[in-house]
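# A structural walkthrough
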Amino acid sequence: MVIGISGNAQSGKNLFGSLLQTKLLNTYHQKSELIAIATSLKEEIYDFLFQNFGFDSFSEKNEDKSQFRDLLVWYGNLKRRISEGQYWIENIEKKVLDNQNNNIISLITDVRFAEKPKDELFWIKNVWCGKLVYIELNKKTTNGTKFVMPPANEHEKRNNKILKKNADYILSWDFVDGDFQKLDKHINDFIDWWELFD
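Remember, it's a predicted structure, so these values are computed and weren't measured experimentally.

Cut-offs used in this document
Note that residues are indexed from 1 along each chain, following the sequence as it is written. Residue-level local features of this predicted model are given only where pLDDT is at least 70; pairs of side-chain atoms are given and counted only at 80 or more, and the full residue set underlies all totals for whole chains, interfaces and linings. Side-chain metrics rest on all non-hydrogen atoms present in the structure, leaving aside hydrogens and water. Counting from the N terminus, the helices are DSSP H or I runs at least four residues long and the strands are E runs at least two residues long. Each radius of gyration reported is based on C-alpha atoms, and the globular scaling rule is 2.2 Å times the count of residues to the power 0.38. Calculation of accessible area relied on Shrake-Rupley with a 1.4 Å probe; when residues are assessed, cover is drawn exclusively from the protein chains displayed. The sign given to each residue is positive for Lys and Arg and negative for Asp and Glu; His and the chain ends receive no count. Lysine's charge is taken at NZ, arginine's at CZ, aspartate's at CG and glutamate's at CD. A contact between two residues is defined here by any heavy atoms of the two lying within 4.5 Å. Here a pair means two rings of Phe, Tyr or Trp (six-membered ring of Trp) with centres within 6.5 Å. Their orientation is stacked below 30 degrees between planes, edge-to-face above 60, and tilted elsewhere. Burial classes follow relative accessibility: with a 1.4 Å probe on protein chains only, a residue under 20% of its type's maximum area counts as buried, one over 50% as exposed, and anything between as partly exposed. The salt bridge criterion pairs a side-chain nitrogen of Lys or Arg with a carboxyl oxygen of Asp or Glu, the two atoms within 4 Å.

### Digging into the overall build of the protein chain
Secondary structure assignment for the protein chain yields seven helices and six strands. What you see in the protein chain, going N to C, is helices and strands ordered as β-α-β-α-α-α-β-α-β-β-α-β-α. Relative to the globule expectation of 16 Å for 198 residues, the C-alpha radius of gyration of the protein chain, 17 Å, shows essentially globular dimensions. Taken over the C-alpha atoms alone, the protein chain extends approximately 50 × 50 × 30 Å along its principal axes. With an accessible surface of roughly 11200 Å², the protein chain has 49% of that area assigned to carbon and sulfur atoms. Charged side chains in the protein chain number 27 positive and 29 negative. The centres of these two groups are separated by 4 Å.

### With respect to the environment of F113
When you line up the elements, F113 lands in the loop between β3 (105-108) and α5 (120-127). Aside from chain neighbours lying at most four places away, what touches F113 is N77, R80, D119, E120, L121, N159 and L163.

### Points about the packing of aromatic side chains
We describe a pair of aromatic rings using the distance from one ring centre to the other and the angle between the two ring planes. Counting across every chain of the model gives twelve aromatic pairs. Look at F55 and F68: their rings are 5.7 Å apart centre to centre, the planes differ by 55°, and that puts the pair in the tilted class. Here the residue F55 occupies a position in the loop between α2 (38-53) and α3 (62-82), and F68 occupies one in helix α3, the gap between them amounting to 13 residues. Assessed through its relative accessible area of 3%, F68 is described here as buried.

### Digging into the pattern of salt bridges
Throughout the structure, instances matching the rule amount to eleven salt bridges. Residues K95 and E33 are paired through a salt bridge, measuring 4.0 Å at the closest nitrogen-oxygen approach. Here K95, found in helix α4 (residues 87-101), pairs with E33, found in strand β2 (residues 32-35); they are 62 residues apart in sequence, far enough to count as distant. Residue class for E33 comes out partly exposed when judged on its relative accessible area of 24%.

Written out as structure tokens, the structure is:
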């Protein structure tokens, strides 16, 4: 079983994956693994980025990521173009297959592309017959006006329009400052919708 997770940058894709993983194990004794397509990208670019700029490509600090996000996007897209969208998918294919054979659910936490005929969207839904979750994060301005976290760049804007349209489940949640128990209802609602354990 494969669950793909998509959405704009900083919408909570990794958080959703982590909360779902914990719930699956603690409540249903079901093992799962968080898999990021971008891990291979960050590994390939790590030495160049650190040696030339002192940045860690695996940093989770938003102020760091904003400095080199464009480089990651450029490098990732170049690899995608010369492989017709297959390069990064192929890097995780064996891991997903191993999980399938061992009854471990693969939670793909960064489904980002849907433009090419056999892109990540196609791979999730047609190759693995998986489900795609699209996440929207609601935040508030200083005067209390609510807004949805916007796309980080044009690639994200273009692809996420397609990903949202093709999502099996759309989750819209509000920003919480570390109080993740408030998000538990969203995880339970998704599992109820999924009906895997009925």
